[in-house]
Amino acid sequence: MKPLEIAQRLCLMGHIATMPFGWLGLLFILPNPEIIVNLPPIGQTLFRVSMSGGGVVNILLGAAAVALYAYRTLGLRRWLGFMVPAVCLSLSSELMGTSTGFPFGEYGYLNGLGYKVAGLVPFTIPLSWFYVGLVSYLIALGGLQVAQNWTALKQGAAIALGAILLTAWDFVLDPAMSQTIIHFWEWGQEGPFFGMPYQNFAGWLATGALFMSVGTWIWGRELPQVSRPQLGFPLVVYLSNFAYAAVLSGVSGFTTPVLLGILMAVIPALVLWWITPEEVQESEGLNASVADRQTVTPAAVNVVAK
(Lines give C-alpha, C1' and ligand atoms only; values in the text may rest on other atoms or scores of the structure.)
Protein backbone atom coordinates (compact mmCIF):
# COMPACT_ATOMS: atom_id res chain seq x y z
CA MET A 1 0.00 0.00 0.00
CA LYS A 2 1.42 3.35 -1.05
CA PRO A 3 1.91 6.27 1.37
CA LEU A 4 -0.80 8.44 -0.19
CA GLU A 5 -3.28 5.58 -0.04
CA ILE A 6 -2.42 5.00 3.61
CA ALA A 7 -2.84 8.71 4.34
CA GLN A 8 -6.18 8.73 2.53
CA ARG A 9 -7.48 5.81 4.58
CA LEU A 10 -6.24 7.29 7.86
CA CYS A 11 -7.91 10.63 7.10
CA LEU A 12 -11.18 8.90 6.27
CA MET A 13 -11.06 6.78 9.43
CA GLY A 14 -10.30 9.87 11.51
CA HIS A 15 -13.10 11.79 9.80
CA ILE A 16 -15.63 9.07 10.63
CA ALA A 17 -14.21 8.50 14.12
CA THR A 18 -14.94 12.12 15.12
CA MET A 19 -18.65 11.68 14.41
CA PRO A 20 -19.60 9.62 17.51
CA PHE A 21 -17.86 12.21 19.69
CA GLY A 22 -20.00 14.90 18.07
CA TRP A 23 -23.15 12.89 18.75
CA LEU A 24 -22.11 12.29 22.35
CA GLY A 25 -21.28 15.91 23.08
CA LEU A 26 -24.14 17.61 21.24
CA LEU A 27 -26.93 15.17 22.03
CA PHE A 28 -26.16 13.85 25.50
CA ILE A 29 -23.54 15.83 27.43
CA LEU A 30 -24.47 19.43 26.60
CA PRO A 31 -28.20 18.93 27.32
CA ASN A 32 -27.21 17.55 30.73
CA PRO A 33 -24.80 20.11 32.26
CA GLU A 34 -24.57 18.12 35.49
CA ILE A 35 -22.45 15.61 33.57
CA ILE A 36 -19.92 18.33 32.76
CA VAL A 37 -19.91 19.64 36.33
CA ASN A 38 -19.15 16.17 37.70
CA LEU A 39 -16.24 15.60 35.35
CA PRO A 40 -12.70 15.90 36.78
CA PRO A 41 -10.78 19.03 35.72
CA ILE A 42 -8.93 17.21 32.96
CA GLY A 43 -12.23 15.83 31.68
CA GLN A 44 -13.77 19.29 31.58
CA THR A 45 -10.74 20.60 29.71
CA LEU A 46 -10.88 17.78 27.16
CA PHE A 47 -14.59 18.35 26.68
CA ARG A 48 -14.11 22.09 26.04
CA VAL A 49 -11.34 21.38 23.54
CA SER A 50 -13.37 18.73 21.74
CA MET A 51 -16.44 20.98 21.49
CA SER A 52 -14.47 23.98 20.29
CA GLY A 53 -12.32 22.10 17.78
CA GLY A 54 -14.10 18.84 17.01
CA GLY A 55 -16.09 20.24 14.09
CA VAL A 56 -12.96 21.79 12.58
CA VAL A 57 -11.03 18.53 12.82
CA ASN A 58 -13.92 16.57 11.30
CA ILE A 59 -14.14 18.85 8.26
CA LEU A 60 -10.37 19.10 7.78
CA LEU A 61 -10.00 15.31 7.82
CA GLY A 62 -12.90 14.88 5.40
CA ALA A 63 -11.48 17.45 3.01
CA ALA A 64 -8.00 15.91 3.23
CA ALA A 65 -9.32 12.39 2.55
CA VAL A 66 -11.28 13.50 -0.52
CA ALA A 67 -8.40 15.66 -1.77
CA LEU A 68 -6.02 12.68 -1.58
CA TYR A 69 -8.55 10.47 -3.34
CA ALA A 70 -9.05 13.06 -6.07
CA TYR A 71 -5.31 13.50 -6.58
CA ARG A 72 -4.68 9.76 -6.71
CA THR A 73 -7.54 8.95 -9.07
CA LEU A 74 -8.26 12.11 -11.06
CA GLY A 75 -4.81 13.67 -11.13
CA LEU A 76 -3.55 17.06 -10.06
CA ARG A 77 -5.28 19.09 -12.79
CA ARG A 78 -8.74 17.64 -12.26
CA TRP A 79 -8.45 17.65 -8.49
CA LEU A 80 -7.57 21.35 -8.40
CA GLY A 81 -9.90 22.04 -11.32
CA PHE A 82 -12.80 21.02 -9.12
CA MET A 83 -11.59 22.03 -5.68
CA VAL A 84 -10.59 25.62 -6.49
CA PRO A 85 -13.96 26.57 -8.04
CA ALA A 86 -15.83 24.71 -5.30
CA VAL A 87 -14.00 26.52 -2.50
CA CYS A 88 -13.94 29.95 -4.13
CA LEU A 89 -17.52 29.99 -5.43
CA SER A 90 -19.04 28.50 -2.28
CA LEU A 91 -17.12 30.98 -0.12
CA SER A 92 -18.36 33.81 -2.33
CA SER A 93 -21.94 32.58 -1.97
CA GLU A 94 -21.57 32.24 1.80
CA LEU A 95 -20.04 35.70 2.17
CA MET A 96 -22.80 37.20 0.06
CA GLY A 97 -25.41 35.20 1.96
CA THR A 98 -24.22 36.25 5.41
CA SER A 99 -23.94 39.88 4.25
CA THR A 100 -27.09 40.31 2.18
CA GLY A 101 -29.35 37.30 2.74
CA PHE A 102 -28.95 36.18 -0.89
CA PRO A 103 -28.96 33.38 -2.05
CA PHE A 104 -29.73 31.36 1.12
CA GLY A 105 -31.80 33.72 3.23
CA GLU A 106 -30.84 35.71 6.32
CA TYR A 107 -28.46 33.76 8.56
CA GLY A 108 -25.20 34.06 10.42
CA TYR A 109 -22.51 31.74 11.74
CA LEU A 110 -21.78 31.40 15.43
CA ASN A 111 -18.66 29.84 16.94
CA GLY A 112 -17.30 26.30 16.78
CA LEU A 113 -16.25 25.88 13.15
CA GLY A 114 -12.98 27.75 13.15
CA TYR A 115 -11.61 31.12 12.06
CA LYS A 116 -14.13 33.22 10.12
CA VAL A 117 -13.20 34.72 6.77
CA ALA A 118 -14.02 38.45 6.91
CA GLY A 119 -15.52 37.75 10.31
CA LEU A 120 -18.51 36.06 8.63
CA VAL A 121 -17.86 32.55 7.29
CA PRO A 122 -15.76 29.86 9.00
CA PHE A 123 -12.88 28.77 6.76
CA THR A 124 -14.04 25.16 7.11
CA ILE A 125 -17.39 25.76 5.39
CA PRO A 126 -16.03 26.03 1.80
CA LEU A 127 -13.98 22.89 2.46
CA SER A 128 -17.16 20.99 3.33
CA TRP A 129 -18.77 22.24 0.11
CA PHE A 130 -15.76 20.86 -1.75
CA TYR A 131 -15.55 17.39 -0.33
CA VAL A 132 -19.27 16.61 -0.14
CA GLY A 133 -19.75 18.30 -3.53
CA LEU A 134 -17.08 16.24 -5.25
CA VAL A 135 -18.27 12.87 -3.94
CA SER A 136 -21.87 13.82 -4.86
CA TYR A 137 -20.78 14.71 -8.39
CA LEU A 138 -18.72 11.54 -8.84
CA ILE A 139 -21.62 9.36 -7.67
CA ALA A 140 -23.85 11.07 -10.25
CA LEU A 141 -21.22 10.63 -12.98
CA GLY A 142 -20.86 6.95 -12.18
CA GLY A 143 -24.55 6.15 -12.44
CA LEU A 144 -24.99 8.03 -15.72
CA GLN A 145 -22.40 5.86 -17.43
CA VAL A 146 -25.18 3.44 -18.33
CA ALA A 147 -25.35 5.49 -21.54
CA GLN A 148 -22.31 4.85 -23.68
CA ASN A 149 -20.98 8.27 -24.65
CA TRP A 150 -20.82 11.54 -22.78
CA THR A 151 -22.98 14.27 -24.29
CA ALA A 152 -23.88 17.78 -23.22
CA LEU A 153 -27.23 16.43 -22.01
CA LYS A 154 -25.60 13.84 -19.77
CA GLN A 155 -23.10 16.37 -18.46
CA GLY A 156 -25.99 18.60 -17.49
CA ALA A 157 -27.78 15.66 -15.88
CA ALA A 158 -24.66 14.80 -13.85
CA ILE A 159 -24.41 18.39 -12.62
CA ALA A 160 -28.12 18.45 -11.70
CA LEU A 161 -27.98 15.09 -9.89
CA GLY A 162 -24.78 16.04 -8.09
CA ALA A 163 -26.29 19.33 -6.92
CA ILE A 164 -29.43 17.52 -5.70
CA LEU A 165 -27.38 15.01 -3.70
CA LEU A 166 -25.37 17.85 -2.18
CA THR A 167 -28.51 19.82 -1.28
CA ALA A 168 -30.21 16.73 0.16
CA TRP A 169 -27.34 16.41 2.63
CA ASP A 170 -27.91 19.98 3.84
CA PHE A 171 -31.63 19.23 3.94
CA VAL A 172 -30.90 16.87 6.84
CA LEU A 173 -27.92 18.65 8.43
CA ASP A 174 -29.31 22.17 8.68
CA PRO A 175 -32.10 21.63 11.28
CA ALA A 176 -29.78 20.06 13.85
CA MET A 177 -26.93 22.49 13.26
CA SER A 178 -29.08 25.63 13.48
CA GLN A 179 -31.91 24.89 15.91
CA THR A 180 -30.76 22.55 18.66
CA ILE A 181 -29.46 23.45 22.15
CA ILE A 182 -26.00 24.20 20.74
CA HIS A 183 -26.02 25.41 17.16
CA PHE A 184 -23.36 26.61 14.74
CA TRP A 185 -25.43 29.03 12.69
CA GLU A 186 -28.78 30.71 13.18
CA TRP A 187 -31.48 32.02 10.91
CA GLY A 188 -32.46 35.68 10.99
CA GLN A 189 -35.85 34.84 9.54
CA GLU A 190 -38.41 32.22 10.44
CA GLY A 191 -38.67 29.74 7.59
CA PRO A 192 -41.66 27.52 6.77
CA PHE A 193 -39.69 24.27 6.65
CA PHE A 194 -38.69 23.42 10.23
CA GLY A 195 -37.43 26.96 10.70
CA MET A 196 -35.58 27.07 7.39
CA PRO A 197 -36.59 29.21 4.38
CA TYR A 198 -37.15 27.39 1.11
CA GLN A 199 -34.75 29.92 -0.39
CA ASN A 200 -31.94 28.13 1.41
CA PHE A 201 -32.37 25.01 -0.71
CA ALA A 202 -32.57 27.02 -3.93
CA GLY A 203 -29.31 28.68 -2.93
CA TRP A 204 -27.69 25.32 -2.27
CA LEU A 205 -28.83 23.91 -5.61
CA ALA A 206 -27.63 26.99 -7.49
CA THR A 207 -24.24 27.16 -5.73
CA GLY A 208 -23.58 23.43 -6.13
CA ALA A 209 -24.61 23.44 -9.79
CA LEU A 210 -22.44 26.50 -10.43
CA PHE A 211 -19.15 25.11 -9.15
CA MET A 212 -19.87 21.65 -10.60
CA SER A 213 -20.45 23.31 -13.99
CA VAL A 214 -17.18 25.20 -13.75
CA GLY A 215 -15.37 22.03 -12.69
CA THR A 216 -16.89 20.12 -15.61
CA TRP A 217 -15.79 22.84 -18.01
CA ILE A 218 -12.24 22.75 -16.63
CA TRP A 219 -12.15 18.96 -16.86
CA GLY A 220 -12.94 19.18 -20.55
CA ARG A 221 -15.20 17.36 -22.95
CA GLU A 222 -14.07 13.85 -22.04
CA LEU A 223 -15.27 13.24 -18.50
CA PRO A 224 -13.63 10.44 -16.52
CA GLN A 225 -15.45 7.14 -16.32
CA VAL A 226 -15.50 5.24 -13.07
CA SER A 227 -16.17 1.67 -12.03
CA ARG A 228 -18.38 0.64 -9.15
CA PRO A 229 -15.39 -0.32 -6.97
CA GLN A 230 -13.84 3.09 -7.62
CA LEU A 231 -17.02 4.73 -6.34
CA GLY A 232 -16.75 2.90 -3.02
CA PHE A 233 -14.80 5.73 -1.41
CA PRO A 234 -17.12 8.57 -2.53
CA LEU A 235 -20.13 6.52 -1.42
CA VAL A 236 -18.66 5.90 2.05
CA VAL A 237 -17.88 9.60 2.48
CA TYR A 238 -21.35 10.63 1.35
CA LEU A 239 -23.28 8.10 3.42
CA SER A 240 -21.20 8.66 6.57
CA ASN A 241 -21.81 12.41 6.40
CA PHE A 242 -25.50 11.82 5.80
CA ALA A 243 -25.61 9.45 8.79
CA TYR A 244 -23.92 12.05 11.01
CA ALA A 245 -26.51 14.65 10.04
CA ALA A 246 -29.40 12.19 10.27
CA VAL A 247 -28.57 11.13 13.83
CA LEU A 248 -28.24 14.74 15.00
CA SER A 249 -31.52 15.77 13.40
CA GLY A 250 -33.41 12.57 14.19
CA VAL A 251 -32.56 12.53 17.89
CA SER A 252 -33.36 16.25 18.06
CA GLY A 253 -36.87 15.53 16.77
CA PHE A 254 -36.47 16.51 13.11
CA THR A 255 -37.59 13.16 11.73
CA THR A 256 -39.36 14.47 8.63
CA PRO A 257 -36.20 15.99 7.09
CA VAL A 258 -34.39 12.72 7.81
CA LEU A 259 -37.04 10.63 6.08
CA LEU A 260 -37.15 13.00 3.11
CA GLY A 261 -33.35 12.96 3.03
CA ILE A 262 -33.33 9.17 2.80
CA LEU A 263 -35.65 9.40 -0.20
CA MET A 264 -33.71 12.22 -1.84
CA ALA A 265 -30.14 11.27 -0.88
CA VAL A 266 -29.49 7.75 0.38
CA ILE A 267 -31.68 5.80 -2.02
CA PRO A 268 -30.61 7.76 -5.15
CA ALA A 269 -26.92 7.50 -4.16
CA LEU A 270 -27.18 3.74 -3.67
CA VAL A 271 -29.06 3.31 -6.96
CA LEU A 272 -26.49 5.39 -8.85
CA TRP A 273 -23.67 3.38 -7.30
CA TRP A 274 -25.41 0.09 -8.12
CA ILE A 275 -25.99 0.89 -11.80
CA THR A 276 -22.40 2.07 -12.25
CA PRO A 277 -20.54 -0.46 -14.42
CA GLU A 278 -18.54 -3.04 -12.49
CA GLU A 279 -15.58 -2.40 -14.76
CA VAL A 280 -14.52 0.21 -17.30
CA GLN A 281 -11.88 -0.06 -19.96
CA GLU A 282 -8.53 1.04 -18.61
CA SER A 283 -8.25 3.62 -21.39
CA GLU A 284 -11.51 5.18 -20.21
CA GLY A 285 -11.00 4.95 -16.46
CA LEU A 286 -10.20 7.66 -14.00
CA ASN A 287 -6.44 7.29 -14.33
CA ALA A 288 -6.52 7.54 -18.12
CA SER A 289 -7.03 11.29 -17.72
CA VAL A 290 -4.13 11.80 -15.36
CA ALA A 291 -1.74 13.71 -17.56
CA ASP A 292 0.04 14.92 -14.45
CA ARG A 293 1.18 11.42 -13.53
CA GLN A 294 4.09 9.63 -15.16
CA THR A 295 2.85 6.06 -14.79
CA VAL A 296 -0.37 4.22 -14.14
CA THR A 297 -0.11 1.13 -12.00
CA PRO A 298 -2.75 -1.58 -11.44
CA ALA A 299 -3.00 -0.50 -7.80
CA ALA A 300 -3.91 2.98 -8.92
CA VAL A 301 -6.56 1.75 -11.35
CA ASN A 302 -8.34 -0.49 -8.88
CA VAL A 303 -9.35 2.03 -6.25
CA VAL A 304 -11.81 0.41 -3.86
CA ALA A 305 -13.76 1.80 -0.96
CA LYS A 306 -11.06 3.64 0.94
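Residues numbered from 1 in each chain as written. Predicted model: local features only at pLDDT ≥ 70, side-chain atom pairs only at ≥ 80, totals over all residues. Heavy atoms only, no water.

Taking an unreviewed UniProt entry as the reference, the protein is identified by name as Carotenoid biosynthesis protein belonging to Roseofilum acuticapitatum BLCC-M154.

Trainee: What exactly am I supposed to notice about the packing of helix α4 (residues 76-100) against helix α7 (residues 198-219) here?
Mentor: Between two packed helices, the angle of one axis relative to the other and the distance separating the axes together describe the packing. One way to put it is that α4 packs onto α7 with a least axis distance of 9 Å and a crossing angle of 155°. In terms of their interaxial angle, α4 and α7 are classed as roughly antiparallel. Every pair of crossing elements has a handedness; the one defined by α4 and α7 is right-handed. Between α4 and α7, the residues in contact are R77, R78, G81, F82, P85, A86, L89, S90 and S93 and T207, L210, F211, M212, V214, G215, I218 and W219, respectively. For the contact of α4 with α7, the class distribution of residues is 10 nonpolar, 5 polar and 2 charged. (Axes fitted to C-alpha atoms, helices over the stretch in contact; angles between N-to-C directions. Helix = DSSP H or I, 4+ residues; strand = E, 2+ residues; numbered from the N terminus. Parallel < 35°, antiparallel > 145°, perpendicular 65-115°, else oblique. Left-handed = near helix turned anticlockwise from the far one by under 90°. Contact = heavy atoms within 4.5 Å. Nonpolar A, V, L, I, M, F, W, Y, C, P; charged D, E, K, R; others polar.)

Trainee: I'm lost on unusual backbone geometry in this one. Help?
Mentor: Most peptide bonds adopt trans geometry, and most residues besides glycine take a negative phi value. Cis peptide bonds are those with omega within 30 degrees of zero, and the linkage from F102 to P103 qualifies with 15°. Mapped onto the elements of the fold, P103 is located in the loop between α4 and β1 (107-109). Phi is positive for A118, close to 55°, though the residue is something other than glycine. Examined against the element boundaries, A118 turns out to sit in the loop between β2 (116-117) and β3 (121-122). On the accessibility criterion, A118 (60% relative accessible area) is exposed. Its identity as a non-glycine residue notwithstanding, F194 has a phi of 50°, on the positive side. With respect to the helices and strands, the residue F194 is situated in the loop between β4 (185-187) and α7. Residue classification places F194 among the partly exposed residues on the basis of a relative accessible area of 32%. (Buried < 20%, exposed > 50% of the residue type's maximum accessible area, 1.4 Å probe, protein only.)

Trainee: It is not clear to me how the UniProt feature "transmembrane region" (unreviewed entry) in the protein should be interpreted in this structure. Could you clarify?
Mentor: Listed under "transmembrane region" (unreviewed entry) in the UniProt record, and renumbered for this structure, are residues 12-30, 50-71, 78-97, 117-140, 152-169, 201-219, 231-251 and 257-275. The span residues 12-30 shows a helical share of 95% and a strand share of 0%, and its end C-alpha atoms are spaced 26 Å apart. Split by type, residues 257-275 is 100% helix and 0% strand. Its first and last C-alpha atoms lie 26 Å apart. (UniProt positions renumbered as here; feature names shortened; annotations may be inferred.)

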